[in-house]
Amino acid sequence: MKFLFGGSLLKKKTSAEKAFAQSEVRRLRNKAVKSTCRTYAKSFVAAVQKKDEELAKVALKTLVSELDSAGRKGILTRNAVSRKKSRMMKLYNVSFGVTAAK
């Protein structure tokens, strides 16, 4: 549809076009969050490989926080978040000899 507005013709945006624009914004936002999670994971693994326990502990805390945030937002599924956290915590515990309290 076209409307006359101030002497110029404007085309009405369809709902499909609006939905596409919204999904594109969401896709880019989700992509940024996933990228941040991957970056934190890489920094954690690098700290573990350097055998730097303090840096690894800080990196793990930051990574877990970011994963939980992504899970709450629905960017990553609950199971994916749990799996990634479990693997990273296992890597930390195995690398630095941390045992579970009994």
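For the structure, see preceding data.
Not measured: the values here are computed from a predicted model.

This next bit is on the overall build of the protein chain. Helix and strand counts for the protein chain stand at three helices and two strands. Classification of the 102 residues of the protein chain by burial places 21% in the buried group. In the form shown here, the protein chain has an accessible surface area of approximately 8,000 Å², with 57% of it arising from carbon and sulfur atoms.

On to a positive patch on the surface, then. Residues Lys31, Lys34, Arg38, Lys42, Arg83, Lys84 and Arg87 make up a contiguous surface patch of positive charge. Broken down by secondary-structure element, the contributors of at least two residues to the positive patch are helix H1 (15–49) and helix H3 (78–96). Of all the elements, H1 adds the most residues to the positive patch, at four residues. Mapping Lys84 onto the fold places it in helix H3.

Inspection of the secondary structure puts Lys73 in helix H2 (residues 53–73). C-alpha separation for the pair Lys73 and Asn30, spaced 43 residues apart in sequence, amounts to 9.2 Å.

We now examine unusual backbone geometry. The backbone of Lys51 sits at a positive phi, close to 65 degrees, despite the residue not being glycine. Position of Lys51 among the secondary structure elements: in the loop between H1 and H2. In this structure Lys51 comes out as exposed when scored by relative accessible area, which is 60%.

Bringing the nonpolar core into the picture now. Of all hydrophobic cores here, the largest spans 19 residues; its most connected members are Phe44, Ala56, Leu60, Leu67, Ala70, Met88 and Tyr92. If you list the elements that add at least two residues to this core, you get H1, H2 and H3. By residue number, the principal contributor to this core is H2, which donates seven residues. When near neighbours in sequence (up to four residues on either side) are disregarded, Phe44 contacts Ala56, Ala59, Leu60, Met88, Leu91 and Tyr92.

Overall, the coordinates contain two salt bridges when judged by the stated rule. We note a salt bridge from Glu24 to Arg27, for which the minimum N-O separation is 2.7 Å. Taken together, the residues span about one helical turn, with Glu24 and Arg27 both in helix H1 at a distance of three residues. The salt bridge involving Asp68 is made with Lys85; its shortest N-O contact spans 2.9 Å. One end of the pair, Asp68, is in helix H2; the other, Lys85, is in helix H3, with 17 residues separating them in the sequence.

Conventions we followed
- Residues numbered from 1 in each chain as written.
- Predicted model: local features only at pLDDT ≥ 70, side-chain atom pairs only at ≥ 80, totals over all residues.
- Heavy atoms only, no water.
- Helix = DSSP H or I, 4+ residues; strand = E, 2+ residues; numbered from the N terminus.
- Buried < 20%, exposed > 50% of the residue type's maximum accessible area, 1.4 Å probe, protein only.
- Areas by Shrake-Rupley, 256 points an atom, 1.4 Å probe, with all protein chains shown as cover.
- Patch = residues over 30% accessible without salt bridge, like charges linked within 9 Å, V, L, I, M, F, W, Y side chains within 5 Å.
- Salt bridge = Lys/Arg side-chain N within 4 Å of Asp/Glu carboxyl O.
- Lys, Arg positive; Asp, Glu negative; His and termini not counted.
- Charge placed at Lys NZ, Arg CZ, Asp CG, Glu CD.
- Core = buried A, V, L, I, M, F, W, Y, C linked by side-chain atoms within 4.5 Å.
- Contact = heavy atoms within 4.5 Å.

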